[in-house]
Protein chains: 2
Amino acid sequence: MPREHYKAVLFDVQGTLTDFRTTLLDHGRSVLGGRAAELEWPSTVDEWRAAYRTAVAELSGSGQWRSARSIYADGLTDILRRRGFEDVVTADEIERLTDGWEQLRPWPDAAAGLRKIRRSHLVAALSNADLSAVLSTSRACGFDWDALFSAQQFRAFKPHESTYLGAAGLLGVDPAGILMVASHRYDLDAAAALGLGTAFVSRPDEYGPGGRADRASAGDYDVVVESIEELAGALNA
Amino acid sequence: MPREHYKAVLFDVQGTLTDFRTTLLDHGRSVLGGRAAELEWPSTVDEWRAAYRTAVAELSGSGQWRSARSIYADGLTDILRRRGFEDVVTADEIERLTDGWEQLRPWPDAAAGLRKIRRSHLVAALSNADLSAVLSTSRACGFDWDALFSAQQFRAFKPHESTYLGAAGLLGVDPAGILMVASHRYDLDAAAALGLGTAFVSRPDEYGPGGRADRASAGDYDVVVESIEELAGALNA
């Protein structure tokens, strides 16, 4: 299908449109103050995100869902206990740290690119985060959606097929008329297997310096770009 | 609760924010040409809407859902047959006439009022229409939502409680922190019974001259207004 003929564009949010790592680094320093250094906060954030990804992959595989917020809160509790810091951070502080995932900062190209694409296409979020988290992040980032879909609505996490097909059904658009946009190969591979178009957005800094962000070459997906602004150009938006 | 303390405002769409009757009158004349007079198109539209409301009320009562579009298409087919016009309008034209419900025109105060309220509150649609219909109407009207909820997502029609409570759960807001806005008493009465705040917007022309639009007096609901702009003022938005 010619690129400009996609009717709807579905966006992953955490990582693809938002820079969760630096947001959480700053948020943690603000909540923890001097204890951030003691806790080796950057490595804690990296382990925290990795634990979330593992938990979500397991739940997705078994067709189960639970609140992403609860996964984050439980994950941080486990990490702090394992590292011997259970008495350094209170339960209330764990909740406040978890709040950080609900007001992520955008990558610099994201809001402007989305606005351009929305002029000519339906744009919708399809996120594994809870709907309220996508909503508050979207308000903070200035992302305006035609519709906002969360794993919470489908009671399943990406890459479970019911998320992509559920969004397509609610949009009333055939999978072939939808372009899925993400910086994660697992997300696009699942979408492609169901007949959606795929756009890979490179986010080399997603996991920070030396982090193992996914990479893709031209041809791996229908579109491979470096930014949402570049995607807007590819869609003639 | 003081009015300005609602965190989220949920809006009915058809009738409350959009003038479906004049939209459908014009749309039908455009599709049918000279046959609109023969069919007594205005009375057909009124009967069509009434048949939809009856079908939705029955389905809501029994906890069932089916596509609002299919209810509209089947409803018009029945009405034309009953009136002896089954050979005057083709099946394809019935689909095109039904398209009219998916690009409704706004009441003049709706888009500006919504924009004002959204500055200080979460705003979301909660409509019995299919999600794709709310979405295309919202684009046509310039309604920007934080989230968009349809009976389709909850597999139940308003006034079934799973629609109001489903929206509250996805928003992550207690029912008492939500204001439901509608021009229909049945919708607000159901919301109030579940603990939501209620705002009645008077739409005296909803069913045209001499039509029986719902009315309310000050005190019947938490807020009673004549327009969405007036509602914005009441919310200090």
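Residues numbered from 1 in each chain as written. Chains lettered and ligands numbered in written order. Predicted model: local features only at pLDDT ≥ 70, side-chain atom pairs only at ≥ 80, totals over all residues. Heavy atoms only, no water.

### Examining the relation of the copies chain B and chain A
Relating one copy of the chain to the other requires a rotation about an axis plus a shift along that axis. We apply this condition: We place the copies in one frame by least squares, fitting the C-alpha atoms of every residue whose pLDDT is at least 70 in both. Note on contacts: a residue pair is in contact if any heavy atoms of the two residues lie within 4.5 Å.
After a rotation of 180° and a shift along the axis of 0.0 Å, chain B superposes on chain A with an RMSD of 0.0 Å. Expressed as a symmetry operation, the mapping of one chain copy onto the other fits a two-fold axis. Proximity to the rotation axis, assessed at the C-alpha, singles out alanine 147 of chain B in chain B; its C-alpha lies 3.2 Å from the axis. Here 100% of the interface residues in chain B have copies in chain A that are interface residues too; the copies meet face to matching face.

### Comments concerning the interface of chain B and chain A
As a reminder, the rule being used: Buried area adds together the accessible area that both of two parts lose upon being put together, with accessible area traced by a 1.4 Å probe. When a carboxyl oxygen of Asp or Glu lies within 4 Å of a side-chain nitrogen of Lys or Arg, that pair is called a salt bridge. The term polar contact refers here to a pair of N or O atoms within 3.5 Å; inside protein, the definition further demands a hydrogen-donor-capable atom paired with an acceptor-capable atom, and it admits residues adjacent in sequence only when both atoms are side-chain atoms. Under the scheme used here, helices are H or I runs from DSSP no shorter than 4 residues and strands are E runs no shorter than 2 residues, and both carry numbers assigned from the N terminus. Under the scheme applied here, ten amino acids are nonpolar (Ala, Val, Leu, Ile, Met, Phe, Trp, Tyr, Cys and Pro), four are charged (Asp, Glu, Lys and Arg), and all others, including Gly, are polar.
Contact residues are listed per partner, giving 21 residues for chain B and 21 residues for chain A. Approximately 1600 Å² of surface area, both sides summed, lies buried where chain B meets chain A, with 52% of it carried by carbon and sulfur atoms. Interface area lost by chain B to chain A is led by Leu135, Arg139 and Leu170 of chain B, which between them contribute 35%. Linking chain B with chain A are 4 salt bridges, by the criterion used here. In this structure, the salt-bridge partner of aspartate 146 of chain B is arginine 139 of chain A, at a minimum N-O distance of 2.6 Å. In this assembly, chain B and chain A are joined by 8 residue pairs in polar contact (both at pLDDT 80 or more). If you list the elements that add at least two residues to the side of chain B that touches chain A, you get helix H6 (110-120), helix H7 (131-141), strand S3 (147-150), helix H8 (151-154) and helix H9 (161-171) of chain B. When residues of the side of chain B that touches chain A are assigned to their parent elements, the largest contribution, 4 residues, is made by H7 of chain B. Residues of the side of chain B that touches chain A, tallied by class, amount to 9 nonpolar, 7 polar and 5 charged.

### Some remarks on helix H10 (residues 185-193) of chain B
Residue and element names in this part refer to chain B. We count it as follows: Burial classes follow relative accessibility: with a 1.4 Å probe on protein chains only, a residue under 20% of its type's maximum area counts as buried, one over 50% as exposed, and anything between as partly exposed. Taking the helix axis as origin, the arc is that swept by the directions to the C-beta atoms.
All buried positions along H10 are accounted for by Asp187, Leu188, Ala190 and Ala191. One face of H10 carries all of its buried residues, which in axial projection span an arc of 160°. In this fold, the buried residues of H10 make contact with H9, strand S4 (178-182) and strand S5 (197-201). Of the residues trailing H10, glycine 195 is marked for its positive phi of about 95°.

### Concerning the pairing of strand S1 (residues 8-11) of chain B
All names here are of chain B. Operational definition: Strand pairing is assigned whenever DSSP detects at least two bridges linking the two strands.
Of the two faces of S1, both are covered, the one formed by Ala8 and Leu10 as well as the one formed by Val9 and Phe11. Inspection of the sheet shows S1 paired to strand S2 (residues 122-127) by 4 bridges, in the parallel sense. Bridging across to S2, alanine 8 finds its partner in leucine 122. The pairing of S1 with S4 spans 4 bridges and is parallel.

### Remarks on the pattern of salt bridges
Counting across every chain of the model gives 38 salt bridges over all chains. A salt bridge links lysine 158 of chain B to aspartate 12 of chain B, with the nearest nitrogen and oxygen atoms 3.0 Å apart. In this pair, lysine 158 of chain B is assigned in the loop between H8 and H9 and aspartate 12 of chain B in the loop between S1 and helix H1 (20-32), connecting sequence segments 146 residues apart. The same class applies to lysine 158 of chain B as to aspartate 12 of chain B, namely buried. With a shortest N-O distance of 3.0 Å, glutamate 102 of chain B and arginine 69 of chain B are connected by a salt bridge. On the criterion of sequence distance, the pair formed by glutamate 102 of chain B in the loop between helix H5 (91-99) and H6 and arginine 69 of chain B in helix H4 (residues 68-82) is long-range, its members being 33 residues apart. Three or more residues are tied together by salt bridges with common partners; here these are Arg69, Glu95, Asp99 and Glu102 of chain A.

### A short note on the packing of H4 of chain B against H5 of chain B
Residue and element names in this part refer to chain B. Rule in force here: Between the N-to-C directions of two axes lies an angle of 0 to 180 degrees, each axis being a line fitted to C-alpha atoms and, for a helix, fitted only over the stretch in contact. When an angle is under 35 degrees it counts as roughly parallel; over 145 it counts as roughly antiparallel; between 65 and 115 it counts as roughly perpendicular; any other value is oblique. The hand of a helix crossing depends on one turn: near helix anticlockwise from the far one by less than a right angle means left-handed, and clockwise means right-handed.
It is at 9 Å that the axes of H4 and H5 come closest, and there the two elements cross at 125°. Between H4 and H5, the angle is such that the two are oblique. In terms of crossing hand, the pair formed by H4 and H5 is right-handed. Of H5, the residues touching H4 (which contributes Arg69, Tyr72, Ala73, Leu76, Thr77 and Leu80) are Ile94, Glu95, Leu97, Thr98 and Asp99.

### Some thoughts on the sheet that holds strand S5 (residues 197-201) of chain A
All names here are of chain A. Across the sheet, which stays open at both edges, the 6 strands sit in the order S3-S2-S1-S4-S5-S6 with parallel pairing between neighbours. Lying at the two open borders of the sheet, with one neighbouring strand each, are strand S3 (147-150) and strand S6 (223-225). With strand direction ignored, the average angle separating the axes of adjacent strands in the sheet is 20°. In the sheet, strand S4 (residues 178-182) pairs with S5 via 4 bridges, with the strands oriented parallel. Bridge pairing links alanine 182 to phenylalanine 200 in S5. Along the sheet, helix H7 (residues 131-141) makes contact with strand S2 (122-127) and S3, crossing S3 at roughly 140°.

### A closer look at the environment of alanine 218 of chain B
Residue and element names in this part refer to chain B. Tracing the sequence through the fold places alanine 218 in the loop between S5 and strand S6 (223-225). Overall, the relative accessible area of 74% leaves alanine 218 in the exposed class. As for alanine 218 and phenylalanine 200, which are separated by 18 residues in sequence, their C-alpha atoms are 9.4 Å apart.

### A word on helix H9 (residues 161-171) of chain A
Quick reminder: α-helices carry 3.6 residues per turn. Residues three or four places apart thus point the same way. Listed as buried for H9 of chain A are Thr163, Tyr164, Gly166, Ala167, Ala168, Leu170 and Leu171 of chain A. Phi turns positive one or two residues past the end of H9 of chain A, at glycine 172 of chain A, with a value near 70°.

### Some remarks on the environment of histidine 27 of chain A
Residue and element names in this part refer to chain A. In this fold, histidine 27 is placed in helix H1 (residues 20-32). Taking the C-alpha atoms as reference points, histidine 27 and leucine 104, separated by 77 residues in sequence, lie 9.7 Å from one another. Setting aside its immediate chain neighbours within four residues, histidine 27 contacts Arg96, Leu97, Asp99 and Gly100. A distance of 3.4 Å separates the side chain of histidine 27 from the backbone nitrogen of glycine 100, its partner in a polar contact.

### Some points on the packing of aromatic side chains
Residue and element names in this part refer to chain A. Here is the rule: Only Phe, Tyr and Trp rings are paired, with Trp represented by its six-membered ring, and only when their centres lie within 6.5 Å; those with planes under 30 degrees apart are stacked, over 60 edge-to-face, the remainder tilted.
Considering all chains together, one arrives at 24 aromatic pairs over all chains under this definition. Where tyrosine 72 meets tryptophan 101, the ring centres are 4.2 Å apart and the plane angle is 10°; that geometry is what we call stacked. Within this pair, whereas tyrosine 72 is found in helix H4 (residues 68-82), its partner tryptophan 101 is found in the loop between helix H5 (91-99) and helix H6 (110-120), the two being separated by 29 residues in sequence. Following the ring pairs from residue to residue traces out a cluster consisting of Phe20, Trp41, Trp48, Tyr52, Tyr72, Trp101 and Tyr207.

### A word on the layout of surface pockets
Quick note on the threshold: Note on definitions: the grid is 1 Å and covers protein atoms alone; a cavity is a set of points where a 1.4 Å probe fits but cannot get out; a pocket is an open set with protein on both sides within 12 Å along at least five of seven lines; lining residues have an atom within 4 Å of a point. Grid points are joined across faces, edges and corners, and a volume is the space filled by probe spheres set on the points.
Of the voids in this model, the largest pocket is the one considered here, and its volume is about 330 Å³. For the largest pocket, the lining is made up of 19 residues, of which Glu102 and Ser132 of chain A together with Lys7, Leu171 and Gly172 of chain B are closest to its centre. When residues of the lining of the largest pocket are traced back to their parent elements, those giving at least two are H7 of chain A together with H9 of chain B. Per element, the largest residue contribution to the lining of the largest pocket is 4 residues, and it comes from H7 of chain A. Its residues assigned to classes, the lining of the largest pocket shows 6 nonpolar, 8 polar and 5 charged. Of the voids in this model, the second largest pocket is the one considered here, and its volume is about 150 Å³. Top element by residues in the lining of the second largest pocket is H6 of chain A. It accounts for 3 residues.

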